[in-house]
Amino acid sequence: MAVATSPVRKKVNRIGLESREYRGSKTTLCAGCGHNAISERIIGACFEMGIEPERVVKLSGIGCSSKSPAYFLGSAHGFNAVHGRMPSVGTGAMLANRNLVAIGVSGDGDTGAIGIGQFVHLMRRNLPIIYIIEDNGCYGLTKGQFSPTADLGSKAKTGVVNDLPPIDTCALAIELGASFVARSFSGDKKQLTAILKAALSHRGTAMLDVLSPCVTFNDHEGSTKSYAYAKAHDDPLEEIDFVPFFEDISIDYEPGTTQEVVMHDGSKLYLKKLDADYDPLNKVQAMRVLQETRSRGEFATGLIYVEPVKPDFLDVLNVVDEPLATLPQERVRPPKTVLDDIMESLR
Amino acid sequence: MAPAEVAVQEAPVVHGTGRVVNDFSIQVATVNGSGSQTANLVLLRSIFRMGVPVSGKNLFPSNIAGLPTWFTIRANKDGYIARKKEIDFLVAMNPETAREDALSLESGAAVVYDEGLALDAVRDDLVFYPVPFDKLIAGVCTDVKLRRLVRNMIYDGVLAKLLEIDLQQMEYALQKQLGSKPKAVALNQQALEVGFAYADQHFEKRDPYVIAPMNETAGKILIEGNAAAAIGAMMAGVTVVAWYPITPSSSLCETLIDYLQKHRIDERTGKATFAVVQAEDEIAALGMAVGAGWAGARAMTSTSGPGVSLMGEFAGLGYYGEVPAVIFDVQRVGPSTGLPTRTAQGDVLSTAFLSHGDTRHLMLFPSSVGECYSMAVEAFDLAERFQTPVFVMTDLDLGMNTWMSDPFPYPEKPLDRGKVLDEETLERIGRFGRYRDVDGDGVPYRSVPGDKMPAYFCRGSGHNEWAQYSERPDDYQNNVDRLARKFENARNWMPAPVVEINRQASIGIIAYGTTHWAVVESRDQLKAEAELETSYYRVCGYPFRPALASFIERHERVYVIEQNRDGQMLSLMKLDLEPDLVRRLRSVLHYSGLPIDARSITDSVLIQEGYRVQKTGADTSRVPRQAGVGGE
Ligand SMILES: Cc1ncc(C[n+]2csc(CCOP(=O)(O)OP(=O)(O)O)c2C)c(N)n1
Ligand code: SF4
Ligand SMILES: [Mg+2]
């Protein structure tokens, strides 16, 4: 990109775009809302990975969280669908054009309550999509009611205590076949950025449950989704270093301390183990660690499970390489001989 | 108007004497799951192959196996192929219903039945043809399992003899039906011959019904509406299909899958130029179609009433976000689960306004299998031209029954992808505003993800013409007013009505969909029995064409004939018409779940016109009470 007139050359990424070209319109969410921090991380990750905004589709349901696609990648197409139904819209869009990069943003209500049915089936299909749950344990947009991820015993701002156990969306996603499952915290810039970049390198469903406190309705004493609680109970599984495929960097590590995972596009993840023997390629271990940390009242963050090579939904459907949406007429309308033969067979 | 008493009668037929040629209906009463469908379709096709106009209707329970099923074939030299109430020739294969089936017949009707049922003890005014099915089948086939399936072919053989159906045509039809399974063909052929020989040796013809060759079906095809719609969708270039199984629409997508797999696999790569998803429910099915439509694909789903109810929210999103999608509604009887395997036109009003707020949808009303095909093609063009969901309103009678048709013509027009933004347009219009009415027709330009044109944010929440979130009163109002203009403009793009003006007529008839076939016959009855001349207006789309009002204006009284309780189409028309015209409208309604028949229309019109009519038999006797244990 030529910037001859400007003496100060702004930092550009590998496709020549500046960071600001990944921004969206100004947020209308509350100041301090976790969702805003996640938008910032998405902007950063897409910029650093050199994602072409015109290839991205931003998808969401309804909620404060689902508003946020308007606040990043302003030059990408977006679809703010109906409550809980982003998975089906995303599925349709990816079937129409498999070359798109789908980034979906949902809330814990949007996913865990009204949308649990579509969520479950999305995970089963391993559709290529990044599915982010901005998880604040409540319904922000409708003023703070408990959501299905609220912990048992967690207290609402009104003083009401939640008397039902939570749904663990990560455990559910792993169980159902998602090929990349991570949990993070909107306040952990380094970890979340690394996970988002790895998710952008993945082909298949990348499900990210990101703890994202609601400062207005769920950030008080007694809430298990507040900033204070999150900071105190975040139990990272590993330290993540991400090296994108287009960077020629190698990281030295002591054997046995770090696990290297090669992603679909050749990018590499270096996972420095904090928990003795954690292996994110092992489904059984992943489920166990989720159970164990939860029973300690903590929550495990990091890359929980990954299956770097797994056929995605478009492979399963054996769809042509080009976008279905723009196949020319001669490839989608069979010739007259075909119709004539069918007619003959019906005589 | 001078009301007179008319003697309402079916065509005079003297049972037992003379011959009734090519004008009667045959009913086969069996148990579902017994493999009778092959025998029934062979019978149907062989009459069709003899050049005689014919239709076949399957009356089946909402159940997989073991409940009564009736297949009715009507052969009619004048081309009347609507259902007719009276059965002239019964084949009683179901011991459970045989008695009731026989009792429901008019005196003089003929009945072929399993000897053991001893129907001649039930009444004595029928023509009886007892057949020892078990004995005959034992000679054909040793495998007990196969016997059950092949057994039905015997009645085809018996009927071939009794009705003078060309045995060669039956063999052709059999080949057609089972061609890929030579063993099955051979076995069935044998059963056919055994039946024929038995009738030849044991029966003296004592009923008047015969099929004689005609030349009315040359070049025609036989097909169900769902298969026709599937062919239409394929020829329309559909690329994304999402569906959830439901009777009576499942066979639409299932047939489509078969056709796509045969004809839409890329030769070079062996990969599919389509994607079909069996979704988790109808909400997801329409969600996928809307997502795909937004991303530029020709997308569709197919369903029936309960599915349409679930699709409401997405239908509203499609309307307000302006996303193309095609939805086939193969209507069945509601409310709720209703009668899943019976036919109705009961979704007209709920679909017209499906979803909350000021939502309106384009609807097409095919009345023939030919129109299932052509309107399927048209629906995809309209959906993209007007960037909105389009509903193709068929019904169970059309979708699942077998109909004659001229072969479908290859589409003449290229695909109309509507106003998709390109470089040239962008230059012409300057700045891109997704919801800007640049051309004054209410239809804006759209860009599509991945096309490198300026992007926009599609949302179901309030937006201005630049597709920005907006709660401003003027933005909201301007946008929905433009949507209303767009809808108004669609009026003249909807398929034209089929209108027949009779200058002597002071009475007009309006109908749509499958009701058409009974109307054709009823108009002839009205003329023959009461010298009542009628004009006819067949609605093919919604919003209505302006011609509707002028048609009503020409007539003193206009009967709107439909298959629902509430006169839904009439209600919809009221919204468009001046009070003076509304006053001329009358309803003729048929909503028993069985396809409408001409007699019901004729009687109702005559009564409303002030004639005295002897009511003919009700339909209730045809379906025993215990048949209702299904539900899907
Ligand atoms: C069908 C339907 N029901 C209810 C609503 C109201 N509603 C809007 S957002 C929301 C909950 C959002 O919660 P969550 O997904 O957790 O998002 P958050 O606002 O917390 O980010 C509800 C119930 C709606 N928009 N649509
Ligand atoms: S209400 Fe809560 S979730 Fe919504 S924007 Fe404010 S802080 Fe965020
Ligand atoms: Mg929430």
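Residues numbered from 1 in each chain as written. Chains lettered and ligands numbered in written order. Predicted model: local features only at pLDDT ≥ 70, side-chain atom pairs only at ≥ 80, totals over all residues. Heavy atoms only, no water.

Novice: Sorry, what's going on with the coordination of the magnesium ion (ligand 3) here?
Specialist: Ideal values for angles at a metal depend on the geometry: 109.5 degrees with four tetrahedral donors, 90 or 180 degrees with six octahedral donors. Residue and element names in this part refer to chain A. In the first shell of the magnesium ion (ligand 3), the protein supplies Asp-108 (OD), Asn-136 (OD1) and Cys-138 (O), at 2.1 to 2.2 Å from the metal. Sequence positions of the residues that donate to the magnesium ion (ligand 3) give the spacing D-x27-N-x1-C. With respect to burial, Asn-136 and Cys-138 carry one shared label: buried. (Donors = N, O, S within 2.8 Å, 3.2 Å for Na, K, Ca; no water. Buried < 20%, exposed > 50% of the residue type's maximum accessible area, 1.4 Å probe, protein only.)

Novice: It is not clear to me how the site of ligand 1 should be interpreted in this structure. Could you clarify?
Specialist: What surrounds ligand 1 is a group of 18 residues, the closest being A:Cys64, A:Ser65, A:Gly109, A:Asp110 and A:Gly140. Near ligand 1, the surrounding residues are drawn from chains A and B. Between an oxygen atom of ligand 1 and a main-chain N or O atom of A:Cys64, the distance comes to 2.8 Å. The side chain of A:Asp108 places a nitrogen or oxygen atom 3.0 Å from an oxygen atom of ligand 1. Taking 590 Å² as the accessible area of ligand 1 by itself, protein coverage stands at 77%. Here the element with the most residues in the shell around ligand 1 is helix α4 (residues 108-112) of chain A; it accounts for three residues. Tallied by class, the residues present in the shell around ligand 1 amount to six nonpolar, nine polar and three charged. (Near = heavy atom within 4 Å. Polar contact = N/O pair within 3.5 Å; in protein donor to acceptor, adjacent residues only side chain to side chain. Areas by Shrake-Rupley, 256 points an atom, 1.4 Å probe, with all protein chains shown as cover. Helix = DSSP H or I, 4+ residues; strand = E, 2+ residues; numbered from the N terminus. Nonpolar A, V, L, I, M, F, W, Y, C, P; charged D, E, K, R; others polar.)

Novice: Would you mind going over the environment of B:Tyr591 with me for this structure?
Specialist: All names here are of chain B. Tracing the backbone through its elements, the reader meets Tyr-591 in the loop between β24 (585-589) and α21 (598-608). Judged by its relative accessible area of 53%, Tyr-591 is exposed. The sequence separation of Tyr-591 and Ile-561 amounts to 30 residues, and the corresponding C-alpha distance is 11 Å. The residues touching Tyr-591, leaving out its near neighbours within four places in the chain, are Asn-564 and Arg-565. (Contact = heavy atoms within 4.5 Å.)

Novice: Could you clarify how one ought to interpret the interface of chain A and chain B in this entry?
Specialist: A common way to express how large an interface is: the accessible area buried when the components associate. On the chain B side, the residues contacting the 54 residues of chain A number 75 residues. Across the chain A/chain B interface, buried area totals approximately 5000 Å², and carbon plus sulfur atoms make up 64% of it. Taken together, the links from chain A to chain B amount to three salt bridges. B:Asp266 is the salt-bridge partner of A:Arg331, the closest N and O atoms lying 2.5 Å from each other. (Buried area = accessible area lost by both parts, 1.4 Å probe. Salt bridge = Lys/Arg side-chain N within 4 Å of Asp/Glu carboxyl O.)

Novice: Any chance you could explain the domain arrangement of chain B here in plain terms?
Specialist: Residue and element names in this part refer to chain B. The domain boundaries assigned to chain B delineate domain 1 (20-210), domain 2 (225-405), domain 3 (423-459 + 481-493) and domain 4 (498-622). Relative placement of domain 1 and domain 2: their C-alpha centres are 35 Å apart. Each partner contributes to the interface: domain 1 provides 14 residues, whereas domain 2 provides eleven residues. Both faces considered, domain 1 and domain 2 share a buried interface measuring about 1000 Å² in area, 64% of it formed by carbon and sulfur atoms. Run the count over domain 1 and domain 2 and you get one salt bridge. With a shortest N-O distance of 2.9 Å, Asp-397 and Lys-57 are connected by a salt bridge. The tally of links from domain 1 across to domain 2 stands at five residue pairs in polar contact (both at pLDDT 80 or more). For the side of domain 1 that touches domain 2, the elements supplying multiple residues, two or more each, are α1 (36-49) and β3 (54-59). Looking at the side of domain 1 that touches domain 2, the element that brings in the most residues is β3, giving six residues. (Domains from an automatic or database assignment.)

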